[in-house]
Amino acid sequence: MLSKHYSTFRRLVLLKRCASVNVSRRQYNDNQHQQFQAIDNEILYEGHRPTNSFQKSLLAVGSALAGVTNPLRSDMVAALGESLFPEPALRNIQLQMLNDPTGQRILKEKPIIDGNILNLDKLLTLSKDTFGYTYASFMRKHEITSDTRDPVHYVDNTELAYIIKRYRQIHDFAHVFLDLSISVPEEVIIKWFEWAHFGLPMNAVSALFGPLATSAEEKATITKYIPWALYNGYNSKSFMNVYFEEELETNFMELKKRLNLIDKPNL
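Thresholds, definitions, all that
- Residues numbered from 1 in each chain as written.
- Predicted model: local features only at pLDDT ≥ 70, side-chain atom pairs only at ≥ 80, totals over all residues.
- Heavy atoms only, no water.
- Core = buried A, V, L, I, M, F, W, Y, C linked by side-chain atoms within 4.5 Å.
- Buried < 20%, exposed > 50% of the residue type's maximum accessible area, 1.4 Å probe, protein only.
- Helix = DSSP H or I, 4+ residues; strand = E, 2+ residues; numbered from the N terminus.
- Contact = heavy atoms within 4.5 Å.
- UniProt positions renumbered as here; feature names shortened; annotations may be inferred.
- 1 Å grid on protein atoms, 1.4 Å probe; cavity = no way out; pocket = protein on both sides within 12 Å on 5 of 7 lines; lining within 4 Å.
- Phe/Tyr/Trp six-rings, centres within 6.5 Å; stacked < 30°, edge-to-face > 60°.
- Patch = residues over 30% accessible without salt bridge, like charges linked within 9 Å, V, L, I, M, F, W, Y side chains within 5 Å.
- Areas by Shrake-Rupley, 256 points an atom, 1.4 Å probe, with all protein chains shown as cover.
- Salt bridge = Lys/Arg side-chain N within 4 Å of Asp/Glu carboxyl O.

Caption draft 1: A look at the nonpolar core. Core analysis: the biggest nonpolar cluster contains 60 residues, and Phe131, Tyr135, Phe173, Phe177, Phe239 and Phe244 have the highest contact counts within it. Sort the elements by how many residues they give to this core and helix H10 (residues 184-198) lands first, with seven residues. Contact partners of Phe173, with chain neighbours within four places excluded, come to Ile113, Leu118, Phe131, Tyr135, Phe239 and Phe244.

Structural data, given as structure tokens:
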């Protein structure tokens, strides 16, 4: 049974992340260019699906079951994260952003990251010591793209919905700065970092339950790196207050130092 769940979890991670290399060739992605402006009194942003607490509870249970039984349903995984009552954590992130000049500007401008903004071919022409080149090398190596993030539907606040969208879109930057691949154990280590850094309930679920069905060797690897991930999560500059799109030509190591991140230990 555990091996079956582990196989499902691994497939879910890899299928969601890798999707299709062809996606990176798209010129426009509707999911990425979701508009975060109120449409009327009930529909608070494009794609918003209003739900009450009871409906969110049902959605959490249903999306969890759907995600386990059908790992191709990345939309159900996204719905689970939105239905686990993330508002307190999102309010904390919102406050952090409002207290930071760059965070304020991000909330005002609501930039959207996609394959046009982060064009890998162009980024690979930058100097090899830049953040943009390092990011593009990571994405090209693992054949993943920024164009596969799911839209937000069930967060009942326009600005908080944008915050969770931004969180999803900068997830790959954490992989780059922490030097962690997209394997299941390293994805779980990222979740420990994100739990400490963002405090979202879904981060906690992934961090705690993700390793349960992994091999003994993988569990040992995860356990060794948890203290480092937590330290970086608690002590680094908020990723939500960094306009990463404007840092593409910045020296990677200088930016990492500004973020107050320490290197991955050799364990």
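Caption draft 2: Broad picture of the UniProt feature "binding site: Zn(2+)" (unreviewed entry) in the protein chain. According to UniProt, the positions carrying the feature "binding site: Zn(2+)" (unreviewed entry) are His171, Asp172, His175 and Glu187. Spatial clustering of the annotated residues is evident: they stretch over 17 residues in sequence, but the largest pairwise C-alpha distance comes to 10.4 Å. Of the annotated set named above, His175 line the second largest pocket. Classification of His171 by relative accessible area gives buried; the value is 6%. Here Glu187 is to be found in helix H10. Since its relative accessible area comes to 6%, Glu187 is described here as buried.

Caption draft 3: Representation of the environment of Arg168 in the model. Of note, Arg168 is situated in helix H8 (residues 158-169). Under the relative-accessibility criterion, Arg168 is labelled buried at 11%. Taking the C-alpha atoms as reference points, Arg168 and Pro151, separated by 17 residues in sequence, lie 9.4 Å from one another. Leave out the neighbours within four places in its chain, and Arg168 touches Ala78, Glu82, Arg149, Asp150, Pro151 and Val152.

Caption draft 4: Geometry of the packing of aromatic side chains. Counting across every chain of the model gives 16 aromatic pairs. Look at Phe177 and Phe239: their rings are 6.1 Å apart centre to centre, the planes differ by 75°, and that puts the pair in the edge-to-face class. Here the residue Phe177 occupies a position in helix H9 (residues 171-178), and Phe239 occupies one in the loop between helix H12 (216-235) and helix H13 (252-258), the gap between them amounting to 62 residues. Between Trp192 and Trp195 the ring centres are 5.5 Å apart and the planes differ by 45°, which places this aromatic pair in the tilted class. Highlighted residues: Trp192 and Trp195, both in helix H10, separated by three residues, approximately one helical turn.

Caption draft 5: Broad picture of a nonpolar patch on the surface. Nonpolar side chains collect at one region of the surface, where Val205, Leu208, Phe209 and Leu212 lie side by side and expose about 370 Å² of accessible area between them. Mapped onto the elements of the fold, Phe209 is located in helix H11 (residues 201-209). Relative accessible area serves as the criterion here: at 54%, Phe209 is assigned to the exposed category.

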